[in-house]
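Chains, contacts and geometry: an overview
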There are 4 protein chains.
Amino acid sequence: MANSRYEYVRSFERENILLPQSHIVIRVDGRGFHKFSDHYDFEKPNDEKALQVINEAAKQMMVTMPDIIMAYGDSDEYSFLLRKDCDLFERREFKLITTFASAFSAYYQHFWTKWIPGKPLDLERLPMFDARAVVYPNAENVMDYFRWRQVDCHINNLYNTTFWSLVLKGGMTTNEAENRLIGTLSADKNEILFKDFGINYNNIHDMYKKGTIYIREYTDFPLSKYLEDPTEAHLKRLMKRVKKSTIEQYHCDIIKDSFWTQRPYLLL
Amino acid sequence: MANSRYEYVRSFERENILLPQSHIVIRVDGRGFHKFSDHYDFEKPNDEKALQVINEAAKQMMVTMPDIIMAYGDSDEYSFLLRKDCDLFERREFKLITTFASAFSAYYQHFWTKWIPGKPLDLERLPMFDARAVVYPNAENVMDYFRWRQVDCHINNLYNTTFWSLVLKGGMTTNEAENRLIGTLSADKNEILFKDFGINYNNIHDMYKKGTIYIREYTDFPLSKYLEDPTEAHLKRLMKRVKKSTIEQYHCDIIKDSFWTQRPYLLL
Amino acid sequence: MANSRYEYVRSFERENILLPQSHIVIRVDGRGFHKFSDHYDFEKPNDEKALQVINEAAKQMMVTMPDIIMAYGDSDEYSFLLRKDCDLFERREFKLITTFASAFSAYYQHFWTKWIPGKPLDLERLPMFDARAVVYPNAENVMDYFRWRQVDCHINNLYNTTFWSLVLKGGMTTNEAENRLIGTLSADKNEILFKDFGINYNNIHDMYKKGTIYIREYTDFPLSKYLEDPTEAHLKRLMKRVKKSTIEQYHCDIIKDSFWTQRPYLLL
Amino acid sequence: MANSRYEYVRSFERENILLPQSHIVIRVDGRGFHKFSDHYDFEKPNDEKALQVINEAAKQMMVTMPDIIMAYGDSDEYSFLLRKDCDLFERREFKLITTFASAFSAYYQHFWTKWIPGKPLDLERLPMFDARAVVYPNAENVMDYFRWRQVDCHINNLYNTTFWSLVLKGGMTTNEAENRLIGTLSADKNEILFKDFGINYNNIHDMYKKGTIYIREYTDFPLSKYLEDPTEAHLKRLMKRVKKSTIEQYHCDIIKDSFWTQRPYLLL
């Protein structure tokens, strides 16, 4: 029985090849994690164990996919940076984003089951993630992308920390807390935290305030040598010699330039 | 701290809206399932339990997503048909395919853990699926799509059944079996099965030969009434009245017209 | 000198293949024709000669491209319908739309120069057209597309006819005429035309009210035979026999079904 | 009469926004110019007047579209470079490429009619051009794109010059000339030209050998100042002060770096 008679249906398939020699960022995002966190009774404003699960899932992505040079995540999302010259799945967008969504979900479920055995996952509320790819033509855009995510993390965490203080410690209803915060600036929230609840926001764990960064760090990269001739061609030559890389975790500032200038290979 | 300074990076994001009023097929496909089936020691040529896991995952997709009207799968792949007027995720392709890939992986892992507890999944070999969406403008294309998949299932299963008979019962090496089958037609393989191993291919389980079909069946659909005026407008009117649907499993022929003519609402 | 060293830049090129077996509509649209019509002193509200130029350009498109089965235009725009199974430029969108834009501009300039020799075209104000392709999965969408354009023609023409009557015959400034028409319905405009200027809108030339239609008409198409079995398969068989086609011009109603039911091959 | 009932057909329209902050190259290409050049009896291997027409059309594009910073063309094609931060038509690909195709055709026809009055254009053989846009993420890619086109110009012109010498001066048929050139390298063709026809290829007009370049030249750009700090930020600051630009024509080498290093603003 020949299949050729029906095979014409393949001609309706489409591919999208992401622009070559451009940075690719793939962001996975939890589906319905507001309800998910209620269902599994997450600690508020941040559930340390759940964050460890998502962090471990992100790290595992980097372990299995050498093309990922950096990851940044907080709450229920993670962004992955692929090298400019990466040819993973021939840069086919559909393959890339569905594989990332699938792999991330698989790792998350795996680590949850392993690390939070007291809360078995229900069929009706399994962890799922959608994904999208964004292409950035130059290094400045890429840095700004990650700055955008970290500023977002900060804004959300300050809000959530204040909100849940008002509710859990201040005895407000969630509606009352919401109304209390309408129109408040960062300074106002810091003051509520400090005056009403004795919380110095600066002392809160950096993982909550700044999110989590994984980078493929080239431990023997000769930074000073690079700075003598900070061109891409020179960087490429240097990278051919240093290959000892480890995956490192940080909760540091990635908005300031110093994070990036110390690791020029992230933007290669 | 305003985020607006970096927010420009969002303007690099793209959406693709799938053509309205067209049938959407989303196919999920196991990643590296050849190695996966080796790793977990699948029975050859077909592992009934593994098929039950993937079938149950597919059925669960239909339970949670009412827009799926039909599913067809065999081996490590499944195709889902969405209604022509479906507006799931506003037909945004990225959302659709990454959600399908993620959900399918989540369900597969869940059912595997539950049904095959004797073979715990290893972090290094978790089940993962990629996904793609294809748009078909008319009913004929959609039927041909599913015919294409079922013919493919048949061709592969006949090959695999013969191949593994030669290996497991005939004592050939996999190389010898491969060489033995080069250039053989369907009739030849049927004859090898029958003469050498006493296997009548027709008697093999339909799930292996024809794959698995799930449909959202409208049990009280007045087919005879529809046939009096077999137009789309009439069909739509009839469908407004009959809403009692159940998800039914079949292992039947979907190549012949009768499967489709009996259920005109599948192609609405 | 080998070119291979730089040829990699071709890998950045993209193609978009329009969905097979779907109707393609390509609409060309005059660029800056408001100023264009001022510059060349068009008669208001309709310049018959300019319309003849654009009509002739559209007709010439059909003469040279047999894949165009129908065209509809008014004012400074024209829409072309390609057969569902058309394979012109392998359905590559960029080739299609840029060729249509280029050819239409070329014909327009050619016919203008020939027919309106008294108004030579200036380099600073040459006729130009952009173009876009839209894909429609079924016949109903296609009919509605052309209905949409004809309704639009009617609305604009009634407005313009009334507006220019107020200005040219009623002595209003353009601002006064604009204000006079704010909030008026069709009935109001008809009344202004009739009471103030003795114009019965119904008597205005159909080319202005309904636009211009070109169709590739199969003069020996056996309509009655088709109606005995109005299926696509039958239509295709009938079309194989009748091939005597002429390009016909109409200014008729294409909103009512009758236009389409008499020419089922337009939607094949 | 409301148009809303049919207006849903607009939802089938698609836009493609070209990636921000990336260089855009739009290449227009003559349609069927082989036949076109035969029909109008072009001089072989190069028709100076026809090249002047296409050059003038290209220059006119730059006059009317300030976003074009550079153009390169030879034979029947022209490539236009848009600034990285160009927002022409909000970077909508369809608008861009159809407008370029239309405008270029319009200008070509206009200048032909004006400059080659002895050969009036025939309706059946009007000059038409298709167009495509390609996006390049960085300056290196852009330079390589134009190098690719100039190398191509050289290869074609050397071939054509030799081919037509063999035919017009050597008395070969076109078939014979084609066969004579099979497998020949550049050195071989140079030798044929010199030995058989006394032609020193180096002495041929640069317009034929290197094509035509138009650039928007900033005549008071302080290059030496820029070289003190050759960063993009500095370049942008310098460009804010110098705005006196002229459109200049060249037939020079654009493969060597010097063309580009002298005009860093081309790649801004």
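Criteria and thresholds
- Throughout this description, residue numbers start from 1 for each chain and increase along the sequence as written.
- Chain letters and ligand numbers both follow the written order, the letters beginning at A and the numbers at 1.
- A pLDDT threshold of at least 70 governs which residues receive local features in this predicted model, and a stricter bar of 80 or more applies before side-chain atom pairs are shown or counted, although totals over entire chains, interfaces and linings include all residues.
- Only hydrogens and water are removed before side-chain values are computed, so all heavy atoms of the structure are retained for them.
- UniProt positions are given in the numbering used here, feature names are shortened, and annotations may be inferred rather than shown by experiment.
- In superposing the copies, a least-squares fit is computed on C-alpha atoms, taking residues whose pLDDT is at least 70 in both.
- By definition, residues are in contact when any of their heavy atoms lie within 4.5 Å.
- Axes here mean lines fitted to C-alpha atoms, for a helix over just the part in contact, with angles spanning 0 to 180 degrees between N-to-C directions.
- The helix and strand labels rest on DSSP assignments: H or I over at least four residues marks a helix, E over at least two residues marks a strand, and numbering proceeds from the N terminus.
- Oblique is the label for any angle not under 35 degrees, not over 145, and not in the 65 to 115 range, which are roughly parallel, roughly antiparallel and roughly perpendicular in turn.
- Here a crossing is taken to be left-handed if its near helix is turned anticlockwise relative to the far helix by less than a right angle, and right-handed if that turn runs clockwise.
- Amino acid classes used here: Ala, Val, Leu, Ile, Met, Phe, Trp, Tyr, Cys and Pro are nonpolar; Asp, Glu, Lys and Arg are charged; the rest, including Gly, are polar.
- By definition, a salt bridge exists where a carboxyl oxygen of Asp or Glu is found within 4 Å of a side-chain nitrogen of Lys or Arg.
- Pairs of strands are assigned from DSSP output, requiring at least two bridges between the strands.
- When a residue's accessible area, from a 1.4 Å probe over protein chains only, is under 20% of the maximum for its type it is buried; when over 50% it is exposed; and in between it is partly exposed.
- The term buried area denotes the loss of accessible surface (1.4 Å probe radius) that occurs when two parts are joined, taken as the sum for both partners.
- We define a polar contact as two N or O atoms separated by no more than 3.5 Å, with the added condition that, inside protein, one atom must be a possible hydrogen donor and the other a possible acceptor, whereas residues neighbouring each other in sequence contribute only through side-chain atom pairs.
- Between the rings of Phe, Tyr and Trp (Trp by its six-membered ring), a pair exists once the centres lie within 6.5 Å; its type follows the angle of the planes, with under 30 degrees stacked, over 60 edge-to-face, and the other angles tilted.
- Ring-over charges, as used throughout, are those where CZ of Arg or NZ of Lys falls within 6 Å of the ring centre and within 35 degrees of the ring normal.
- Per-residue confidence from the predictor is reported as pLDDT, which spans 0 to 100.
- Taking the helix axis as origin, the arc is that swept by the directions to the C-beta atoms.
- Residues scored as charged are limited to Lys and Arg (positive) and Asp and Glu (negative), so that His and the chain ends carry no count.

The name an unreviewed UniProt entry assigns to chain A is tRNA(His) guanylyltransferase, from the organism Pichia membranifaciens NRRL Y-2026. According to UniProt, the comment filed for chain A under the heading Sequence similarities (unreviewed entry) is "Belongs to the tRNA(His) guanylyltransferase family." You can read under Function (unreviewed entry) in the UniProt record for chain A the words "Adds a GMP to the 5'-end of tRNA(His) after transcription and RNase P cleavage."

**Examining the relation of the copies chain C and chain B**
Least-squares fitting of chain C to chain B yields an RMSD of 0.0 Å, with the superposition described by an axial translation of 0.0 Å and a rotation of 180°. Here the two chains are linked by the operation of a two-fold rotation axis. When C-alpha distances to the rotation axis are compared across chain C, the minimum falls at Pro137(C), with a value of 2.3 Å. Take the interface residues of chain C: 100% of them recur as interface residues in chain B, which is what a same-surface contact looks like.

**Brief notes about the packing of helix α4 (residues 139-169) of chain A against helix α5 (residues 174-181) of chain A**
Residue and element names in this part refer to chain A. Interaxial distance between α4 and α5 falls to 9 Å at its minimum, and their mutual angle equals 130°. Viewed along their axes, α4 and α5 adopt a mutual orientation that is oblique. As for how α4 packs across α5, the hand of that crossing is right-handed. The segment α4 lies against α5, with Tyr159, Thr162, Phe163, Leu166 and Val167 engaging Thr174, Ala177, Glu178, Arg180 and Leu181. Per-class residue counts for the contact of α4 with α5 are six nonpolar, two polar and two charged.

**Things to note about the pattern of salt bridges**
A full pass over the atoms with the stated rule returns 76 salt bridges over all chains. The shortest N-O distance in the salt bridge between Asp130(A) and Lys95(B) comes to 2.4 Å. Placement of the pair is Asp130(A) in strand β4 (residues 129-136) and Lys95(B) in helix α3 (residues 93-115), with the two residues belonging to separate chains.

**Points about the interface of chain A and chain B**
Across the boundary between the two partners, chain A contributes 57 residues, which contact 57 residues of chain B. Between Arg132(A) and Glu15(B) there is a salt bridge, and its shortest N-O distance comes to 2.6 Å. If you list the elements that add at least two residues to the side of chain A that touches chain B, you get α3 (93-115), β4 and α4 of chain A. It is α3(A) that provides the largest number of residues to the side of chain A that touches chain B, a total of 15 residues. The residue makeup of the side of chain A that touches chain B, split by class, is 30 nonpolar, 11 polar and 16 charged.

**Considering the packing of helix α3 (residues 93-115) of chain C against helix α3 (residues 93-115) of chain D**
Closest axis-to-axis distance for the α3(C)/α3(D) pair is 8 Å, and the angle between their directions is 35°. Judged by the twist between their axes, the crossing of α3(C) over α3(D) is right-handed. Mapping the contact onto sequence places Glu93(C), Phe94(C), Ile97(C), Thr98(C), Ala101(C), Ser102(C), Ser105(C), Ala106(C), Gln109(C) and His110(C) in α3(C) and Glu93(D), Phe94(D), Ile97(D), Thr98(D), Ala101(D), Ser102(D), Ser105(D), Ala106(D), Gln109(D) and His110(D) in α3(D). For the contact of α3(C) with α3(D), the per-class residue count stands at eight nonpolar, 10 polar and two charged.

**Observations regarding the sheet that holds β4(A)**
Residue and element names in this part refer to chain A. Taken together, six strands build an open sheet; the order of strands is β4-β1-β3-β2-β5-β6 and the sheet is antiparallel. The strands lining the two open edges of the sheet, one partner per strand, are β4 and β6 (245-250). Between one strand axis and the next, the sheet turns by 20° as a mean value, whatever way the strands run. Relative to strand β3 (residues 77-82), strand β1 (residues 23-30) is paired through six bridges, and the arrangement is antiparallel. Across the sheet, residue Asp29 finds its bridge partner in β3, namely Glu77. Most of the contacts of α3 go to β4, to which it runs at about 135°, and overall it touches β1, β2 (68-74), β3 and β4.

**Topic: the environment of Phe111(C)**
Along the polypeptide, Phe111(C) turns up in helix α3. The buried category is assigned to Phe111(C), whose relative accessible area is 3%. Separated by 28 residues in sequence, Phe111(C) and Arg83(C) place their C-alpha atoms 27 Å apart. Not counting residues up to four positions away in its chain, the partners in contact with Phe111(C) are Val53(C), Glu56(C), Ala57(C), Gln60(C), Ile116(C) and Leu123(D).

**Thoughts on the interface of chain C and chain B**
Contact residues are listed per partner, giving eight residues for chain C and eight residues for chain B. Taken as a group, Leu19(C), Gln21(C) and Pro137(C) account for 67% of the area that chain C buries against chain B, more than any other trio of residues on that side. Scanning the region where chain C abuts chain B turns up zero salt bridges. Between chain C and chain B we count two residue pairs in polar contact (both at pLDDT 80 or more) in total.

**Brief notes about the packing of aromatic side chains**
All chains considered together, the criterion is met by 116 aromatic pairs over all chains. Plain terms: the ring middles of Phe12(A) and Tyr136(B) are 4.9 Å apart, the flat faces sit at 50° to each other, and that makes the pair tilted. Linking Phe12(A) in the segment before β1 with Tyr136(B) in strand β4 (residues 129-136), this pair reaches from one chain into another. Here the two residues Phe12(A) and Tyr136(B) agree in accessibility, since each one is buried. Connected via pairs of aromatic rings, a cluster forms that spans Phe33(A), Phe36(A), Tyr40(A), Phe42(A), Tyr78(A), Phe80(A), Phe100(A), Phe104(A), Tyr108(A), Trp112(A) and Phe129(A). One residue, Arg149(B), lies across the ring of Trp148(B), its end atom 4.2 Å from the ring centre. Lying across the ring of Tyr250(B), Arg263(B) places its NZ or CZ 5.1 Å from the centre.

**Quick look at the relation of the copies chain A and chain B**
The relation between the two chain copies is a rotation about an axis coupled with a shift along that axis. Rotating chain A by 180° and moving it 0.0 Å along the rotation axis overlays it on chain B with an RMSD of 0.0 Å. Of the interface residues in chain A, 100% have counterparts in chain B that sit at the interface too, so the contact is made through matching surfaces.

**Points about the pairing of strand β5 (residues 212-218) of chain D**
All names here are of chain D. Burial runs high along β5: seven of the seven residues are buried. Neither face of β5 is left uncovered, since the one carrying Thr212, Tyr214, Arg216 and Tyr218 and the one carrying Ile213, Ile215 and Glu217 both have all their residues buried. Sheet topology places strand β2 (residues 68-74) next to β5; four bridges connect them, and they run antiparallel. Bridging from a neighbouring strand, Met70 pairs with Ile215 of β5.

**Regarding the confidence of the model for chain A**
Model confidence for chain A is summarised by a mean pLDDT of 96, while 99% of its residues fall at 70 or above. This prediction of the complex comes with two scores: 0.96 for pTM and 0.96 for ipTM.

**Quick notes on the UniProt feature "domain: Thg1 C-terminal" (unreviewed entry) in chain A**
Taken from the UniProt record, the annotation "domain: Thg1 C-terminal" (unreviewed entry) applies to residues 141-256 of chain A. The distance separating the terminal C-alpha atoms of residues 141-256 of chain A is 14 Å; by composition the span is 60% helix and 11% strand.

**Some remarks on helix α9 (residues 232-241) of chain D**
Listed as buried for α9(D) are His234(D), Leu235(D), Leu238(D) and Met239(D). All buried residues of α9(D) fall inside an arc of 135° around its axis, so they share one side.

**Brief notes about the UniProt feature "binding site: GTP" (unreviewed entry) in chain A**
Residue and element names in this part refer to chain A. Following the UniProt record, one finds the feature "binding site: GTP" (unreviewed entry) at Asp29, Gly30, Arg31, Gly32, Phe33, His34, Ser75 and Asp76. A maximum C-alpha distance of 12.2 Å places the annotated residues, which cover 48 residues in sequence, within one compact spot. The topology assignment puts Gly32 in the loop between β1 and α1 (33-39). A relative accessible area of 46% means that Gly32 is categorised as partly exposed. Mapped onto the elements of the fold, His34 is located in helix α1. Its relative accessible area of 65% is what places His34 among the exposed residues.

**A word on the side chain of Glu93(C)**
All names here are of chain C. As for its placement among the helices and strands, Glu93 is situated in helix α3. Buried and unpaired, Glu93 has Arg132 as its nearest opposite-charge partner, separated by 7.3 Å. Within the structure, the side chain of Glu93 is placed 2.5 Å from the side chain of Asn16, a separation counted as a polar contact.

**What about the pairing of strand β1 (residues 23-30) of chain C?**
Along any regular strand the residues' side chains alternate between the sheet's two faces. Residues and elements named next belong to chain C. With seven of eight residues buried, β1 lies mostly within the body of the structure. Sheet analysis places β1 next to strand β4 (residues 129-136), joined by eight bridges and oriented antiparallel. Considered in β4, the bridge of Val28 is made with Ala131.

**A closer look at the side chain of Arg263(A)**
Residues and elements named next belong to chain A. Looking at where Arg263 falls in the secondary structure, it is placed in the segment after α10 (258-261). At 2.7 Å, the side chain of Arg263 and the side chain of Glu217 are in polar contact. Within polar-contact distance, the side chain of Arg263 engages the backbone oxygen of Phe259 at 3.0 Å.

**Considering the environment of Trp148(C)**
Residue and element names in this part refer to chain C. Mapped onto the fold, Trp148 is located in helix α4 (residues 139-169). Of the residues examined, Trp148 reaches a relative accessible area of 4% and is grouped as buried. It is 8.4 Å that separates the C-alpha atoms of Trp148 and Ile255, two residues lying 107 residues apart in sequence.

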